[in-house]
Amino acid sequence: MPTPILHHFDLSPFAEKARLALGLKGLAWRSVEIPMIMPKPMLTGLTGGYRKTPVMQLGADIFCDTRRIVQALEQWQPVPTLFPTGDTGLGLALSHWSDTAFFEPGAGLSMGMNDELPEPLLADRKAFFEFMDFDRLDQEIPHLLTQLRAQASLVDRQLADGRDFVTGAAPGWADICAYFPLWMARGFLANAGEILAPFARLPDWEARVAVLGHGERETITAEQAWAEAREAEPLGEPRVDPDDPLGLSAGQRVSIAADDYGRDPVEGELLVLDVDEVVVLRETPELGRLAVHFPRMGYRVSAV
Ligand SMILES: N[C@@H](CCC(=O)N[C@@H](CS)C(=O)NCC(=O)O)C(=O)O
């Protein structure tokens, strides 16, 4: 497997998910630091508009969203697996739980209980996090605390029989999903220790997850990543499910956008479409042909 490039920034909780998956697999990877706020021309130049963090690059193949990234990693390097009990469907389903029910209250609290956020970051996230009512964040704090604690208690309960990890003796994607909102809370909320104190099994388990580490990281520039994209050709052949309810065909021009927040659309020619993924080809003057990969889940695909 070629060495992947992760476009991310260190404080990003979703990037922490990807970094831990790379760590669990013991992979070497290259790191490109991206800005925390828009504009991000060196990122959106690769994706065609998608601006979320993180994005993974493999030559001229660009993988958006941790749900797609985790599947690509598992496919390229199956051992050690991210699904140690074989519960792949259940493990992947947990992404939705962690990215909404667990992440959203943590993100709301990180915004609402932090007076030191720089104004440009606040303005960017106000436009971005559509699930948050920034005008009511102050009043929402007690409710958000209840929601964060309710999810944390599920993880604590799962560890009640003395197991080391969420699904048993070995770490996996389920741990990474359950861990990253806590990583965010402990990193961004001054009183996280107090908020999470009732869940006594969490700290030791969190320490075990943190030990997975981030693999072998090397820093490169965005220009180096672009040069690699320019020199490579997208991998993969056209493959469009003829029974897909949207009735689209390979080569057709489509637009893809997240259906939750950060809905910036990406346009291209349809290359792959099945229940799991959607891939478009983009022809760009600066970088030649790029294939941009998304999970099918959570993305709206429309004919242009
Ligand atoms: N569904 C996406 C969510 C990614 C996401 O929301 N990332 C946050 C950072 S943790 C983000 O993009 N924030 C705005 C930004 O980085 O520009 C995924 O799983 O990768």
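To start, this report covers the structure provided alongside it. Bear in mind the structure is a predicted one, so any value in this text is a computation, not a measurement.

**Some thoughts on helix α10 (residues 222-231)**
And step 1. Turning to α10, its buried residues number three or more, namely Ala222, Ala225, Trp226 and Ala229. Around the axis of α10, the buried residues are gathered within 100° of arc, so they sit on the same side. Exposed residues lying more than 90 degrees from the buried face of α10 are Glu223 and Glu231.
And step 2. Each element contacted by the buried residues of α10 is listed here: β1 (5-8), β2 (28-33), α2 (41-47), β3 (55-58) and β10 (288-295).

**Some details on the environment of Asp156**
And step 1. Tracing the backbone shows Asp156 in helix α6 (residues 137-158).
And step 2. Not counting residues up to four positions away in its chain, the partners in contact with Asp156 are Phe199, Ala200, Arg201 and Leu202.

**Section: the nonpolar core**
And step 1. Counting residues in hydrophobic clusters, the biggest one holds 61 residues, and the most contacted among them are Val155 and Trp205.
And step 2. Looking at which element gives the most residues to this core, the answer is helix α7 (residues 173-188), with 10 residues.
And step 3. Shared between two domains, this core takes at least three residues from each, and those domains are domain 1 (5-80 + 217-303) and domain 2 (88-210).
And step 4. Beyond its immediate sequence surroundings of up to four residues, Trp205 is in contact with Val155, Leu159, Asp164, Phe165, Val166, Asp175, Ala178, Tyr179 and Leu182.
And step 5. Of all hydrophobic cores here, the second largest spans 28 residues; its members include Leu248, Val266, Val278 and Val292.

**Here we look at the pattern of salt bridges**
And step 1. A complete count under the given rule lists 21 salt bridges for this structure.
And step 2. Ionic pairing is found between Arg263 and Glu130, a salt bridge with its closest N-O pair at 3.1 Å. One end of the pair, Arg263, is in the loop between β7 (253-258) and β8 (266-273); the other, Glu130, is in the loop between α5 (119-128) and α6, and 133 residues separate them in sequence.
And step 3. The partly exposed category is assigned to Arg263, whose relative accessible area is 41%.
And step 4. Residues Asp161 and Arg163 are paired through a salt bridge, measuring 2.9 Å at the closest nitrogen-oxygen approach.

**Thoughts on the site of the ligand**
And step 1. Close to the ligand lie 17 residues; Lys40, Arg51, Thr53, Thr66 and Tyr261 are nearest.
And step 2. Residue Asp65 places a side-chain N or O atom 2.9 Å away from a nitrogen atom belonging to the ligand.
And step 3. Thr66 is positioned such that a nitrogen or oxygen atom in its side chain is 2.5 Å from an oxygen atom of the ligand.
And step 4. The cavity where the ligand resides is the largest pocket.
And step 5. At the level of secondary structure, the elements contributing two or more residues to the shell around the ligand comprise α1 (13-24), α3 (66-76) and α5.
And step 6. Its residues assigned to classes, the shell around the ligand comprises 7 nonpolar, 3 polar and 7 charged.

**Some words on the packing of aromatic side chains**
And step 1. Counted by the stated rule, this structure contains 15 aromatic pairs.
And step 2. Judged by centre distance (5.1 Å) and plane angle (50°), the rings of Phe129 and Phe131 are tilted.
And step 3. According to the relative accessible area criterion, Phe129 is buried, its value standing at 7%.
And step 4. A residue is classified by how much of its surface remains accessible, and Phe131, at 29% relative accessible area, is partly exposed.
And step 5. For the cation-ring pair, Arg51 lies above Phe128, with the distance from its terminal atom to the ring centre recorded as 4.3 Å.

Rules used throughout
- Sequence order sets the numbering: in each chain, residues are counted from 1 along the sequence as written.
- Local features in this predicted model are restricted to residues of pLDDT 70 or higher, and side-chain atom pairs are both shown and tallied only at a pLDDT of 80 or more, whereas totals for entire chains, interfaces and linings draw on every residue.
- As a rule here, side-chain values come from all non-hydrogen atoms in the structure, and water together with hydrogens is ignored.
- Here the term buried applies to any residue with accessible area under 20% of the maximum for its type, exposed to any over 50%, and partly exposed to those in between, with areas from a 1.4 Å probe on protein chains only.
- A helix here means a DSSP run of H or I that spans at least four residues, while a strand means a run of E at least two residues long, and both kinds are numbered starting from the N terminus.
- Our arc is simply the arc of the directions from the helix axis toward the C-beta atoms.
- Whether two residues touch is decided by their heavy atoms; if any such pair falls within 4.5 Å, the residues are in contact.
- Buried residues of nine kinds, namely Ala, Val, Leu, Ile, Met, Phe, Trp, Tyr and Cys, make up a nonpolar core once their side-chain atoms join them within 4.5 Å.
- Residue ranges assigned to each domain were obtained from an automatic or database domain assignment.
- Here, a salt bridge means any Lys or Arg side-chain nitrogen found within 4 Å of an Asp or Glu carboxyl oxygen.
- The rule for a residue being near a molecule or strand is that one of its heavy atoms must lie within 4 Å of it.
- Each polar contact in these results corresponds to two N or O atoms within 3.5 Å; when the atoms are within protein, one needs to be able to donate a hydrogen and the other to accept it, and residues that are neighboring in sequence are counted only if both atoms are side-chain atoms.
- Grid points spaced at 1 Å over the protein atoms alone were grouped into cavities, where a 1.4 Å probe fits but cannot get out, and pockets, open sets with protein on both sides within 12 Å along at least five of seven lines, with lining residues defined by an atom within 4 Å of a point.
- By definition, a pocket or cavity contains a molecule when more than half of the molecule's atoms lie within 2 Å of the pocket's grid points.
- For this classification, the nonpolar set comprises Ala, Val, Leu, Ile, Met, Phe, Trp, Tyr, Cys and Pro, the charged set comprises Asp, Glu, Lys and Arg, and every other residue, Gly included, is treated as polar.
- Side-chain rings of Phe, Tyr and Trp, where Trp is taken by its six-membered ring, are said to pair if the distance between their centres is within 6.5 Å; with planes under 30 degrees apart they count as stacked, over 60 as edge-to-face, and otherwise as tilted.
- As a reminder, the over-ring test applies to NZ of lysine and CZ of arginine, requiring each to be within 6 Å of the ring centre and within 35 degrees of the ring normal.

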